[in-house]
Amino acid sequence: MLGVYLALLWWVSAHAQIDPHSFANLEDVRIRHMSLNVTLDFQRQKLAGSVTHTLFWKNPHAKKVVLDTNGLKIHGVEILGNDGAWQSATFTLSAQDPIRGRALVIHVPYQVEKLRIHYETTPDGTGLQWLPASATADKKAPFMFSQSQSIHGRSWIPMQDTPAIRITYDAQVKAPKGIRVLMSADNDPSAPNNGSFQFHMDQPIAPYLLAIAAGHLKFHSWSPRSGVWAEPAVLPRAAKEFEDTEKMIQATESLYGPYVWKRYDLLILPPSFPYGGMENPRLSFITPTVIVGDKSLVSLITHELAHSWSGNLVTNQTWQDFWLNEGITSYLENRIVEKIYGRELAEMEQVLAYRDMMNAFRTEIPKAEQGLVQNLKGKHPDDAWSPVVYNKGQFLMHTLEHVFGRAALDNFLKRYFAHFKFQTITSEKFARYIDQHLFRPNKDKGFGMAELNAWLYGPGIPKPFKPPFSARLNKLEHALTAWKSGALSTPELKAKHWSTQEWVYFLGQLAPKFDRKRLAELDHVYQLSNSPNAEIGLAWLPLAIRSGYTGAQHAVERHLGSIGRNRLILPVYRALTETPAGLATARALFEQFKNRYHPQTVQAIAALLAKAEKEQMR
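From a predicted model like this one, the values you see are computed outputs, not experimental measurements.

Draft legend 1. Representation of the overall build of the protein chain within the structure. If you tally the helices and strands in the protein chain, you get 18 helices and 21 strands. Judged by the C-alpha coordinates and their principal axes, the protein chain covers about 85 × 60 × 60 Å. Burial statistics for the protein chain: of 618 residues in total, 59% are counted as buried. Contacts spanning at least 24 positions in sequence make up 71% of the contacts within the protein chain whose residues lie at least 6 apart. Working note: accessible area of the protein chain is about 24900 Å², and carbon and sulfur atoms make up 52% of it. Taking the 68 positively charged and 57 negatively charged side chains of the protein chain as two groups, their mean positions are separated by 1 Å.

Draft legend 2. A look at the sheet that holds strand β19 (residues 283-286). One open sheet accounts for five strands, arranged β15-β16-β17-β19-β18; its pairing is mixed. For this open sheet the edge positions go to β15 (218-223) and β18 (277-278), each flanked by a neighbour on one side alone. Of the strand pairs in this sheet, strand β17 (residues 264-268) and β19 are connected by four bridges, and their pairing is parallel. Looking across to β19, one finds that L266 is bridged to S284.

Draft legend 3. Quick look at the pattern of salt bridges. Counting across every chain of the model gives 28 salt bridges. One salt bridge in this structure joins R154 and D161, with 2.9 Å as the shortest N-O distance. Its relative accessible area of 0% is what places R154 among the buried residues. When the shortest N-O distance is used, the salt bridge between K295 and E243 registers 2.7 Å. You can see K295 sitting in the loop between β19 and α4 (299-306) and its partner E243 sitting in the loop between α2 (235-241) and α3 (245-256), a full 52 residues away along the chain. E243 gets classed as partly exposed once you look at its relative accessible area, which sits at 31%. The network of salt bridges with shared partners includes K240, E243, D244, K247 and K295.

Draft legend 4. View of unusual backbone geometry. In this chain, Q149 is followed by S150 through a cis amide linkage whose omega measures 0°. The peptide bond linking K463 to P464 adopts the cis configuration, its omega dihedral lying at 5°. Mapped onto the fold, P464 is located in the loop between α10 (449-457) and α11 (471-485). Even without being a glycine, K262 presents a positive backbone phi close to 75°. Checked against the element boundaries, K262 lands in the loop between α3 and β17.

Draft legend 5. The packing of helix α6 (residues 343-363) against helix α12 (residues 500-510), seen in detail. It is the contact of α6 with α12, at a shortest axis distance of 10 Å, that shows an interaxial angle of 30°. One finds that α6 runs roughly parallel with respect to α12. Taken as a pair, α6 and α12 cross one another with a handedness that is left-handed. Facing L345, M348, E349, V351, L352 and R355 of α6, the residues of α12 in contact are Q501, E502, V504, Y505, G508 and Q509. Broken down by class, the residue content of the contact of α6 with α12 amounts to six nonpolar, three polar and three charged.

Draft legend 6. Region of the structure containing the nonpolar core. Counting residues in hydrophobic clusters, the biggest one holds 145 residues, and the most contacted among them are L40, F242, L413 and Y416. Counting residues per element, this core draws most heavily on helix α7 (residues 387-404), which supplies eight residues. Apart from residues no more than four positions distant in its own chain, Y416 is found in contact with V314, L324, I328, I425, F430 and Y433.

Draft legend 7. Representation of the sheet that holds strand β12 (residues 180-183) in the model. Taken together, four strands build an open sheet; the order of strands is β9-β10-β14-β12 and the sheet is antiparallel. Two strands close off the open sheet at either side, each with one partner strand: β9 (128-131) and β12. Between one strand and the next, the sheet's axes are offset by a mean angle of 10°, whatever the strand orientation. Taken together, the four bridges between β9 and strand β10 (residues 143-146) define a ladder with antiparallel strand orientation.

Draft legend 8. Just the environment of R100, in detail. In this structure, R100 sits in the loop between β6 (90-93) and β7 (102-107). Sequence-wise, R100 and D68 are 32 residues apart; in three dimensions their C-alpha atoms are separated by 7.5 Å.

Draft legend 9. Region of interest: α11. Relative to the 21 Å expected for 15 residues at 1.5 Å per residue, α11 spans 22 Å between its end C-alpha atoms, a close match to the ideal helical length. Taken residue by residue, α11 has L473, L476, A479, L480 and W483 as its buried positions. Buried residues of α11 fall within an arc of 110° about the axis and therefore sit on the same side. In α11, the exposed residues that point more than 90 degrees away from the buried face are A471, K475, H478 and S485. Buried positions along α11 lie against α6, α12 and α13 (516-526). At the exit of α11 stands G486, carrying a positive phi of roughly 90°.

Draft legend 10. Spotlight on the pairing of strand β16 (residues 226-230). Of all the five residues making up β16, five are buried; the element is thus mostly covered by neighbouring parts of the structure. The two faces of β16 match: S226, V228 and A230 on one face and G227 and W229 on the other face are all buried. Following β15, the chain reverses through two residues before pairing antiparallel with β16. Pairing geometry for β16 and β17, over four bridges, is parallel. Residue pairing in the sheet places W229 in a bridge with L267 of β17.

Draft legend 11. Up close: the side chain of T490. Among the secondary structure elements, T490 is positioned in the loop between α11 and α12. Only 2.9 Å separates the side chain of T490 from the side chain of W483, close enough to count as a polar contact. Engagement of the side chain of T490 in a polar contact is seen with the side chain of E521, the distance being 2.3 Å. Residue contacts for T490: discarding those within four places in its chain leaves W483, E521, L522, V525 and Y526.

Draft legend 12. Quick look at the packing of aromatic side chains. Evaluation of the coordinates by the stated rule reveals 39 aromatic pairs. When the centroid spacing of 5.6 Å and the interplanar angle of 65° are considered together, the rings of Y416 and F420 count as edge-to-face. Summarising the burial analysis for this pair, Y416 and F420 share the class buried. When the centroid spacing of 5.0 Å and the interplanar angle of 70° are considered together, the rings of F420 and Y433 count as edge-to-face. Placement of F420 in the loop between α8 (406-419) and β21 (423-425) and of Y433 in helix α9 (residues 427-439) is noted, with a sequence separation of 13 residues between them.

The rules we used
- Residues numbered from 1 in each chain as written.
- Predicted model: local features only at pLDDT ≥ 70, side-chain atom pairs only at ≥ 80, totals over all residues.
- Heavy atoms only, no water.
- Helix = DSSP H or I, 4+ residues; strand = E, 2+ residues; numbered from the N terminus.
- Buried < 20%, exposed > 50% of the residue type's maximum accessible area, 1.4 Å probe, protein only.
- Contact = heavy atoms within 4.5 Å.
- Areas by Shrake-Rupley, 256 points an atom, 1.4 Å probe, with all protein chains shown as cover.
- Lys, Arg positive; Asp, Glu negative; His and termini not counted.
- Charge placed at Lys NZ, Arg CZ, Asp CG, Glu CD.
- Pairing = 2+ DSSP bridges.
- Salt bridge = Lys/Arg side-chain N within 4 Å of Asp/Glu carboxyl O.
- Axes fitted to C-alpha atoms, helices over the stretch in contact; angles between N-to-C directions.
- Parallel < 35°, antiparallel > 145°, perpendicular 65-115°, else oblique.
- Left-handed = near helix turned anticlockwise from the far one by under 90°.
- Nonpolar A, V, L, I, M, F, W, Y, C, P; charged D, E, K, R; others polar.
- Core = buried A, V, L, I, M, F, W, Y, C linked by side-chain atoms within 4.5 Å.
- Expected span 1.5 Å × (residues − 1).
- Arc of directions from axis to C-beta.
- Polar contact = N/O pair within 3.5 Å; in protein donor to acceptor, adjacent residues only side chain to side chain.
- Phe/Tyr/Trp six-rings, centres within 6.5 Å; stacked < 30°, edge-to-face > 60°.

What follows is the structure, given as structure tokens:
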């Protein structure tokens, strides 16, 4: 039996060259439409039912369909015969691959138009989180949500889980009475909440953009095409915090062309959501940690909205080209922030992004991994999420703006989005297109393919590059210098009304460790350990831990116990693991809180602790 599994694994590996993170035999056959028919079982925490795939055959001789799965129970496969009747098909599951999961190989007697898979999810799946009512804001009903990116969609739907294809889909979902179900499709706020929901997505999307959520949800409308879903206890604050969403859509349209996705709604998820946001078409998933009351963190919304052009409309073909999604989007995000909230805020956020990137280059990311095009051989595609693809990608675009002028770059991007609309592309295809439409017509600017390749494949930040500058943060730097020298007292900083960005910059300049007595004084005057702002917590808590300031211990426990967003909690756990005592504390807190975290977060923290334990044993 082991020999059969190994032979099968070799076969699917040999036929998965387009995307190394998918088993799918894309050169033979591709899914073009998906029909989902499932029931949500909150008591057993599983999704069960069937998915019907409509196929497009590319190879006239192929008689296999290879799909991606991970942690699914496959109960049976059917194919639609020429007589219009469904009949059973034979299938095989490969041995478990540590990154890709298990290949589902379906054998067909001829090239059928449709096949149907009966299946259910299992607790091992990393793409769904099921929360009891006690873990929600209202504590009235359970909650469930998906996170399919990058390759976690295969843990709740057997499919070709790769951004190399695009699909349309429809779905019928049954849920307990009183539970509202939403998907990355046409969500109708007036649809009856009767336990049965139907969805249609008639625009082709990459499979990682399939999304589902269910819970006690209400809706607030800002405009005929935008609004926000949230639990009733959260809805008023979310509606106020993100009330500029329609303005953001209009601002982006004025720069980069029409918004084509019909609606743009937000869904505020429970705090266990492992990311800041997820750009699911028509329904961006959003963390509640950005609801701070002063709109200082709404750039997250501009980022997810910008994905409607960069990522959702024009998509990276494989995850090694992830910068095409995230780097260009981060640039668009900054431009929208500037247009809505002003250049001062946009400049501060550029400076913070630049500092994060340079710190990562110095301390975390080896030179061989600093190119925009990522080498993910033997790695999970989630490993591509780093300051390289986000921030270096953003600064490539800022450099192009500086070299060619803002108007020229805007015109290029508008043309780029229109030309590759609803397509997936590689970095090489992007390079050929920008060479033809921006570099060659402007040869006198001195930036061409050689310079672009240095960004795509080389380390660090190539020249030419103009580092970002913020007059407001530069002024803060002078105050910081005076405070560190003792020329300015802590109250004289007058920091009570600093923005989130100013606090993050100030505390970052004290990191990785600082005099604990000065930190205690700072905490006493400005109550940093009591701040409800998780971004300030991210800047403050690792600094306090590494500096040995024990006055923040209660804040560490509150932060790790109330938030599940990876970016906000992993650095805190990492700071704890740097000493034997801290590692013991980290282990204890993880055991206490891990049932509140998303499966992807649990995996990330467990790996971090295991690595720290191994290093301390040396």
